[in-house]
Number of protein chains: 2
Amino acid sequence: MKVQQIHEFGAPDVFKIAEVEKSEPGSDQIRVRQMATSVNPVDIKIRQMGPSFAPALPPVLGCDVAGVVDAVGKNVSRFRTGDEVYGCAAGVIGRGGSYGEYVVVDAELMANKPRTLGWRETAALPLVTITAWEALVDRCHVKPGDHVLIHGGAGGVGHIAIQIAKAQGAYVATTVSTDEKAEIARRCGADEIIRYRDELVADYVKRLTDGRGFDVVFDAAGGSDIAKSFEAARVRGQVATITTAFTADLSPMHGKSLTLNAVLMLATMLRGASPEHNGEILTKAAVLADAKRLKPVLDEQRFGLSDVGAAHTRLESGNAVGKVVVDIADGLDNA
Amino acid sequence: MKVQQIHEFGAPDVFKIAEVEKSEPGSDQIRVRQMATSVNPVDIKIRQMGPSFAPALPPVLGCDVAGVVDAVGKNVSRFRTGDEVYGCAAGVIGRGGSYGEYVVVDAELMANKPRTLGWRETAALPLVTITAWEALVDRCHVKPGDHVLIHGGAGGVGHIAIQIAKAQGAYVATTVSTDEKAEIARRCGADEIIRYRDELVADYVKRLTDGRGFDVVFDAAGGSDIAKSFEAARVRGQVATITTAFTADLSPMHGKSLTLNAVLMLATMLRGASPEHNGEILTKAAVLADAKRLKPVLDEQRFGLSDVGAAHTRLESGNAVGKVVVDIADGLDNA
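Residues numbered from 1 in each chain as written. Chains lettered and ligands numbered in written order. Predicted model: local features only at pLDDT ≥ 70, side-chain atom pairs only at ≥ 80, totals over all residues. Heavy atoms only, no water.

Our working rule: UniProt positions are given in the numbering used here, feature names are shortened, and annotations may be inferred rather than shown by experiment.
The name given to chain A in an unreviewed UniProt entry is Quinone oxidoreductase, with the source organism recorded as Candidimonas nitroreducens. Looking at chain A in UniProt, the text filed under Subunit (unreviewed entry) is "Homotetramer." Its UniProt record gives chain A the following Subcellular location (unreviewed entry) comment, quoted word for word: "Cytoplasm".

Written as C-alpha cells, this is what we have:
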C-alpha cells in the first residue's frame, strides 16, 4: 500500500510516497481502508519538528481517519469488515498515521461514520470535533443559556466549536477578522459576530452580556493573547485554550476567580493510553451531524495522497477557508 | 461600640480603637454581637494597601464573623435575635468589617454556628473554609477515591482543606516543611506527609500515585511555584491555587491538558454581589464539624480587640501554628 512518509523534519517537501506492507490489526484494533484524511496544525508542527513528542523517523503522519473497515482484531466486537467508520488516530506520535491507503487503529478510538455526510466531510471532523467537545462539554460544561465566546470562529476547531456550543443550547458569539470569515461563522450558527479589530473587549462584553462577562470563553484560534480571554470572562467563568506554549500573567484570573483549561486532545495518547471516550464523542457527533446540527466547512482546494506536502502548504498559507482535506480514494464527491 | 479602624495603610500599628454608633441592619441584613474573629492574610494585604480593591479610609477590616444575632432586617426569615451564627463578611472591601463589637452583614452570607465548636474555633473557620470548599468541591470536584495533594497542609486554608478532602472521600497527601507542621497535618487526617525539602516531585508522584499523578493538586500555601503543581498533577488533572499575582509558563499545562483554578472567595463580593452559596457552604461545614470531621487548629497565643495589631504581627511572623484568633467577648474558653 502507498503511504506518505517523512525522512527528515522540515518544509512541506519532506514528504515522500513509499510502498509498504499492510500491517495486521492487534487484538483490540481494526484496519481501515481510507477514503480521505485531513490536515491539522499539529501535523505541521510535528513535520517541522516542534514538539518533543515527535515520533522516530520515518513516520507516517496524519490524525484523521475516515474509511471502510478492512480487517478486525479478535477482541473487537463493535465493528465488522465493511463498516464505514471515522476517528482520530495519532500519527503525530507514531501510532496509526493516516496519510496512507490503510491505517491500523485502536477500535475504541473509532465510531460509525455520520450517514448523511460525505467522506471528505467525515475526514474533516475527528481531531477538531474531539478538541472542541473536550473544551466546551467536558471541561467548560457549557449548558443551555450560557453565553459562550469563541475566538477564531472560522478556524478548523472554531467553526465546529460554534456548532457544538449551539447544540448545547448556548448563546454563541465569535470573533473573526474578515467578511469571508464572518460569513462562515454565521453559516455555522453564531448568534453574534465580533470584528475584533474594530471593537474593544470591554465594549463587546457590555454590548453582548450587559457587562457581566461570558460564562465560557474558548480560544479556538490558539493565539497567545489570553489576557483578552480573561477580560471577556465573567467572575468564576471558564476559559479554555488550545495554545501550546506561552507564559501569561495570571493576576486577572485571581481577581475574577477564573478557571483556565488547557486542551490537548492527544494528551492521553501521548502517555500510551487509548481513550475510549474519543469514540464516544464521535458517536455523539455523528448523531448531531445526521440531525443537521454539525457540518464541517471544506476548503475549495482538493488534494490527493501524492499532494500531502501541497495540502500542508495550503494550511500553512493561512488562505484556506475551511478544513484542508486530502482525498485518498479516487472519485470522491465534493462533500 | 468599639471598633478597630485604620486611618492610613501600613504597618500593624495603624490600628486605632474608636467608639462609633452601631448601624441598623438593612432589609436583608442582620446585626451580630461578636464573640470572636480571626485574622487572614488578605486582611494583612489590605492593611498594607496591596490590592486595588482596598476600601476608603478609615475602614473596619476583618472578614470572619462569629456571634449572636442582635437585630434582624425586615426581609430576613432564616435568623432571629439570639441565634448563634457565623460567616464571612467583607471588611477588606468595606462591607461589614469584623474587627468590632458589632457587625452588620447580609443574612445570606451567614449560617448557624456549629453546635460542638467553641466561639474561638467558630471564628477561625469562615474565610478559610469557604476558600477550601470552593477550591476542592466546587471547582476541582473532588470525589471518593481521588488522590488529592495539598501544598501547605498546616496553613490556615491548608489544614481545613485536608479535612474537607477527607470528608469527600479522597486519599490526601500534603507537603509540609517541619515536624511541627507534619504533626498538624496528621492530626487533620492527612494520609501521607511529604517533606518537600527532602523529596523531589517526581519521587513522591511515583511513591504515592504509582507515577500516574494526583487527580487534584491544591496550592493552599499561596506560593508561586505553580510548576511543581503542574508536575504533580495527572493528565487532565485539576490544579487550584490561592496565589494572588504571578506570571507562569503554561506549557506544562498544555502537554497534560490540565485545568488551573484561581480561587478567590471574595471575587463575587468584590463586584457587589452577595453570594448566598457562602451561607450554604458554612451550613454544610457546621454539619461536618458536629460530626467531628472538621475542626480548626488555633494558635496558642490569644489576643483581644485592643490587640488586633499584635494579632496581625503574629500572623505575619510566620510563627503562628494554627489560626490567629481575636477574642471580642470577655472570658471565652480556649476552644
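### Describing the overall build of chain A
Our working rule: For the purposes of this entry, the term helix denotes a DSSP run of H or I that reaches at least four residues, the term strand denotes a run of E that reaches at least two, and both are numbered from the N terminus. Two things to know: the radius of gyration comes from C-alpha atoms, and the globule rule equals 2.2 Å times the number of residues to the power 0.38. Only protein chains enter the accessibility calculation, which uses a 1.4 Å probe; a residue whose area is less than 20% of its type maximum is buried, one above 50% is exposed, and one in between is partly exposed. Note on definitions: a residue-residue contact is assigned when non-hydrogen atoms from the two residues lie within 4.5 Å.
The helix and strand tally for chain A stands at eleven helices and 16 strands. Relative to the globule expectation of 20 Å for 335 residues, the C-alpha radius of gyration of chain A, 20 Å, shows essentially globular dimensions. Referenced to the eigenvectors of the C-alpha coordinate spread, the extents of chain A come out at roughly 60 × 40 × 35 Å. Evaluated residue by residue, chain A yields a buried proportion of 60% over its 335 residues. A sequence separation of at least 24 residues applies to 67% of the contacts in chain A between residues at least 6 apart.

### What to know about the packing of aromatic side chains
All names here are of chain A. Our working definition: Pairing of aromatic rings covers Phe, Tyr and Trp, the last through its six-membered ring, and needs centres within 6.5 Å; plane angles under 30 degrees mean stacked, over 60 mean edge-to-face, and all others mean tilted.
Within the structure shown, the criterion is met by two aromatic pairs over all chains. An angle of 65 degrees between the planes, with centres 5.8 Å apart, marks the rings of Phe 15 and Tyr 99 as edge-to-face. Within this pair, whereas Phe 15 is found in strand β2 (residues 15-19), its partner Tyr 99 is found in the loop between β5 (84-88) and β6 (102-106), the two being separated by 84 residues in sequence. Residue Phe 15 is classed as buried on the basis of its relative accessible area of 9%. Given a relative accessible area of 0%, Tyr 99 falls into the buried group.

### Brief notes about the environment of Tyr 102 of chain B
All names here are of chain B. Tracing the backbone shows Tyr 102 in strand β6 (residues 102-106). Given the relative accessible area of 17%, Tyr 102 is considered buried. Those residues in contact with Tyr 102 that sit more than four places away from it in its chain are Met 1, Lys 22, Arg 31, Val 32, Arg 33 and Asp 70.

### Digging into the interface of chain B and chain A
Let me state the cut-off plainly: The quantity reported as buried area is the accessible area (1.4 Å probe) lost by two parts once they are put together, taken as the sum for both. Every case where a carboxyl oxygen of Asp or Glu lies within 4 Å of a side-chain nitrogen of Lys or Arg is listed as a salt bridge.
Counting residues at the interface gives 32 residues for chain B, matched by 32 residues for chain A. Both sides together, the interface formed by chain B and chain A hides about 2,600 Å², and carbon and sulfur atoms give 49% of it. Contact with chain A buries area across many residues of chain B, yet Arg 236, Leu 250 and His 254 of chain B alone supply 25% of it, more than any other trio. Inspection of the chain B/chain A interface yields two salt bridges. When the shortest N-O distance is used, the salt bridge between Arg 236 of chain B and Glu 134 of chain A registers 2.7 Å.

### Re the sheet that holds strand β10 (residues 192-195) of chain A
We apply this condition: Pairing between strands requires that DSSP locate at least two bridges from one strand to the other. Only the contacting stretch of a helix is used when fitting its axis, a line to C-alpha atoms as for every element, and angles between N-to-C directions run 0 to 180 degrees.
In space, the twelve strands of this open sheet follow the order β10(A)-β9(A)-β8(A)-β11(A)-β12(A)-β14(A)-β14(B)-β12(B)-β11(B)-β8(B)-β9(B)-β10(B), with mixed pairing throughout. Edge positions in the sheet fall to β10 of chain A together with β10 (192-195) of chain B, since each has one partner strand and no second. The sheet shows a mean angle of 20 degrees between the axes of neighbouring strands, taken without regard to direction. In this structure, strand β11 (residues 214-219) of chain B lies alongside strand β12 (residues 233-241) of chain B, joined through five bridges in parallel fashion. Residue Phe 218 of chain B lies in a different strand from β12 of chain B, and its bridge partner there is Ala 240 of chain B. Taken strand by strand, helix α5 (residues 179-187) of chain A contacts β9 (171-176) and β10 of chain A, and its axis lies near 160 degrees from that of β10 of chain A. The sheet strands contacting helix α3 (residues 126-139) of chain B are β12 (233-241) and β14 (259-262) of chain A together with β8 (147-151), β11, β12 and β14 (259-262) of chain B, and the helix crosses β11 of chain B at an angle near 160 degrees.

### A short note on the packing of α3 of chain B against helix α10 (residues 277-290) of chain B
Residues and elements named next belong to chain B. The line we're drawing: Working definition: roughly parallel below 35 degrees, roughly antiparallel above 145 degrees, roughly perpendicular at 65 to 115 degrees, and oblique for all remaining angles. Throughout this entry, Asp, Glu, Lys and Arg are counted as charged residues, while Ala, Val, Leu, Ile, Met, Phe, Trp, Tyr, Cys and Pro are counted as nonpolar. The remaining residues, Gly among them, count as polar.
Packing of α3 against α10 leaves a shortest axis separation of 10 Å and a crossing angle of 95 degrees. Here α10 runs roughly perpendicular to α3, going by the angle between their axes. Between α3 and α10, the contacting residues are Pro 126, Thr 129, Ile 130, Trp 133, Glu 134 and Asp 138 on the first element and His 277, Asn 278, Ile 281, Leu 282, Lys 284, Ala 285 and Leu 288 on the second. For the contact of α3 with α10, the class distribution of residues is seven nonpolar, three polar and three charged.

### Things to note about the relation of the copies chain B and chain A
Which entries qualify depends on this criterion: The copies were overlaid by least squares, fitting only the C-alpha atoms of residues that reach a pLDDT of 70 or more in each copy.
Rotating chain B by 180 degrees about the axis while translating it 0.0 Å along that axis superimposes it on chain A, leaving an RMSD of 0.0 Å. Here the copies are linked by what is in effect a two-fold axis. Both copies present the same face, since 100% of the interface residues in chain B are matched by interface residues at the equivalent positions in chain A.

### What about unusual backbone geometry?
Residues and elements named next belong to chain B. In this model, Arg 236 sits at a positive phi of 60 degrees, which is unusual for a non-glycine residue. Mapped onto the secondary structure, Arg 236 falls in strand β12. You can call Arg 236 partly exposed: its relative accessible area is 21%. A positive phi angle is found at Ser 257, which is not glycine, with a value near 55 degrees. With respect to the helices, strands and loops of the structure, Ser 257 is situated in the loop between α8 (251-256) and β14. In this structure Ser 257 comes out as buried when scored by relative accessible area, which is 0%.

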